[in-house]
Amino acid sequence: MAGVSWPRRFLSLLRLSVGLLMALWLLLRRRPRSVLLTGGWSNLPVALAAWLLRVPSLVYLPDIEPGAAIRLLRRFVRKVALTVPESGRWFPDVPTVVTGYPLRQEFMAATRAAGQAHFGLDPQRRTLLVFGGSRGARSINRATLSILPSLLAEGIQVLHVSGELDWPEVEARRAALPDAASWQAYPYLHHEMGLAQAAADLALSRAGASVLAEFPHAGLPAVLVPYPWAWRYQKTNADWLEARGAALTLEDAAMETRLLPTLLTLLRDEERLQAMRRATATLARPDGARKLAGELLALGGHDA
C-alpha cells in the first residue's frame, strides 16, 4: 500500500479483500480457540477475520523493532509476544509478554563436540561460520571468496553456507582452489545448522531475527552485516547485540576494506572472543517455543 501507484494499491486492496473472505471461511471451518500471527501483510486478513469472529489472537514480534504490519496488527490482538523486553516500548497500549524466540529442537540439542565431529573440524583451530540467510547474501559470499586465501593461510577453518542462488559461483571457486580442505562450502544447511553454530568460534552473517536467539543459545559471537536495501530492522537487531557485547556490526559497503582485518583481529584474540561468548550466552532464552505455545493455549482457554 505504501509507496506504490494507485493501480497497485487497488490491486492490493482487492487481494486483501479476497484474503479476508478466505480467512473467514477457514476460521469458520476450523473453529480455532486462538490464533497466532507473526507479522507481514499476509497476516492482516487473518487478524481481521479473527477479530470479527471474536477469536482471540496473539501476534509474535521476532525482531527488536516492529514493522508497519505488526504496528497495525496490534489493534486487533489480545496480546503481543516479544523476543526481548526492550521491544515493549512500541506497544504501550497492548498487553505484552516476553517469550523469547522459538528455537527448533536441533538447535537445542546441538553441542560443540558434536558439531566439530559432524563437520570433521580440528578442535585446536578456529572455525568461522559464514551465511546470509536461507537465500544467501551475495555481497557476503563474494567478500568471503575474496579474502578466503588469507583466512586459510591463517589456519582458520571456514564453514560457508552460500544459499542456493550463489552456489554455482561458490562451487566453481571451490573446484579451482588447489587446497580447500579447510573450507567447507554448502548451498544450504537445515538440520545441520545448529551443529554448525555450536562448532563455530565466530559467525559472519546478516542480522535477521533468528540471530537474536540462535547465536545466544550457541554462545556464538558474530560480525553482523545488516541487509542494507530494506527497512532498518536488521540494523536494529545488530545494534542491540553489539550494545551488549555479543557482536560487531559492519556496513555492507565497508566489507571490502574492513572485513578481513575485523575477522582476523577477533579470531586472533582468545580473551576477546571468550568475553563476547560469555556476553552472547547471557542473552539466551532457550524456552521461547514453550512460552509462546503456553501463551497461545492460555489465550484459547487451555492449561499451558
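Above this note sits the structure.
Please read all numbers here as calculations on a predicted model, not as lab measurements.

Scanning the protein chain from N- to C-terminus turns up 13 helices and ten strands. Dimensions along the principal axes, computed over C-alpha positions, put the protein chain at roughly 65 × 45 × 30 Å. Out of the 304 residues in the protein chain, the part that is buried amounts to 47%. Nonlocal contacts in the protein chain, meaning residues at least 24 apart in sequence, comprise 64% of its contacts between residues at least 6 apart. With the model as given, the accessible surface of the protein chain reaches about 15200 Å², and the carbon-plus-sulfur share is 55%.

Read across the open sheet, the six strands follow the order 7-6-5-8-9-10; overall the sheet is parallel. Because the sheet does not close on itself, it has two edges, and the strands there are strand 7 (183–186) and strand 10 (247–249). Averaged over neighbouring strand pairs, the angle between their axes works out to 15° when direction is ignored. Relative to strand 9 (residues 222–224), strand 8 (residues 202–205) is paired through three bridges, and the arrangement is parallel.

Within this model, the second largest pocket holds a volume of roughly 160 Å³. Together, 14 residues line the second largest pocket, and Gly-39, Gly-40, Asp-63, Gly-67 and Ile-70 are the ones closest to its centre. The element contributing the most residues to the lining of the second largest pocket is helix 3 (residues 68–73), with three residues. Of the residues that constitute the lining of the second largest pocket, the class distribution is eight nonpolar, four polar and two charged.

Interhelical geometry of helix 6 (residues 138–153) versus helix 7 (residues 167–176) gives an angle of 10° and a closest axis separation of 11 Å. On the basis of the axis angle, helix 6 is roughly parallel to helix 7. Contacts from Arg-142, Leu-145 and Pro-149 of helix 6 reach helix 7 at Glu-169, Val-170 and Arg-173. Looking at the contact of helix 6 with helix 7, its residues break down into three nonpolar, no polar and three charged.

Attention shifts here to the sheet that holds strand 3 (residues 79–82). Ordered in space as 1-2-3-4, the four strands form an open sheet in which the pairing is parallel. Pairing within the sheet leaves two strands with one partner each, and these edge strands are strand 1 (35–37) and strand 4 (96–98). On average, each strand axis in the sheet is inclined to that of its neighbour by 25°, with strand direction left out of account. In this sheet, strand 2 (residues 57–61) lies alongside strand 1 in parallel orientation, the contact comprising three bridges. Paired with Leu-37 across the strands is Val-59, a residue of strand 2.

For the pair helix 6 and helix 11 (residues 255–268), the least separation of the axes is 10 Å and the interaxial angle reads 55°. Considering the angle they form, helix 6 stands oblique to helix 11. Considering only the axes of helix 6 and helix 11, their crossing is right-handed. Facing Ser-139, Ile-140, Ala-143, Ile-147, Ser-150 and Leu-151 of helix 6, the residues of helix 11 in contact are Met-255, Leu-259, Leu-260, Leu-263 and Leu-264. Residues of the contact of helix 6 with helix 11, tallied by class, amount to nine nonpolar, two polar and no charged.

Successive residues of a regular strand alternate their side chains across the two faces of the sheet. Of the two faces of strand 8, the one lined by Leu-202 and Leu-204 and the one lined by Ala-203 and Ser-205 are each fully buried. Two elements, strand 5 (residues 127–131) and strand 8, share three bridges in a ladder whose sense is parallel. Residue pairing in the sheet places Leu-129 in a bridge with Ala-203 of strand 8. This β-α-β element, strand 8 to helix 9 (residues 211–218) to strand 9, shows right-handed connectivity.

The next thing to look at is the pattern of salt bridges. Tallied over the entire structure, the rule returns 14 salt bridges. Here Lys-79 ties to Glu-295 by a salt bridge, and the two come within 3.1 Å at their closest N and O atoms. Taken together, the residues span a long stretch of sequence, with Lys-79 in strand 3 and Glu-295 in helix 13 (residues 288–299) at a distance of 216 residues. Residue Glu-295 is classed as partly exposed on the basis of its relative accessible area, which comes to 21%. The partner of Asp-252 in a salt bridge is Arg-206, and the shortest N-O contact between them spans 2.8 Å. Of the two residues, Asp-252 sits in the loop between strand 10 and helix 11 while Arg-206 sits in the loop between strand 8 and helix 9, which places them 46 residues apart along the sequence. On the basis of relative accessibility, which here comes to 8%, the residue Arg-206 falls in the buried class. Overlapping salt bridges bring together Glu-65, Arg-71 and Arg-232 as one network.

Here Phe-10 shows up in helix 1 (residues 6–30). Along the primary structure Phe-10 and Gly-163 are separated by 153 residues, whereas in three dimensions their C-alpha atoms are 35 Å apart.

Definitions and cut-offs
Residues numbered from 1 in each chain as written. Predicted model: local features only at pLDDT ≥ 70, side-chain atom pairs only at ≥ 80, totals over all residues. Heavy atoms only, no water. Helix = DSSP H or I, 4+ residues; strand = E, 2+ residues; numbered from the N terminus. Buried < 20%, exposed > 50% of the residue type's maximum accessible area, 1.4 Å probe, protein only. Contact = heavy atoms within 4.5 Å. Areas by Shrake-Rupley, 256 points an atom, 1.4 Å probe, with all protein chains shown as cover. Pairing = 2+ DSSP bridges. Axes fitted to C-alpha atoms, helices over the stretch in contact; angles between N-to-C directions. 1 Å grid on protein atoms, 1.4 Å probe; cavity = no way out; pocket = protein on both sides within 12 Å on 5 of 7 lines; lining within 4 Å. Points joined across faces, edges and corners; volume = space filled by probe spheres on them. Nonpolar A, V, L, I, M, F, W, Y, C, P; charged D, E, K, R; others polar. Parallel < 35°, antiparallel > 145°, perpendicular 65-115°, else oblique. Left-handed = near helix turned anticlockwise from the far one by under 90°. Right-handed = clockwise from strand over helix to strand, strands pointing away. Salt bridge = Lys/Arg side-chain N within 4 Å of Asp/Glu carboxyl O.

The values reported here are purely geometric and, on their own, carry no functional implication.
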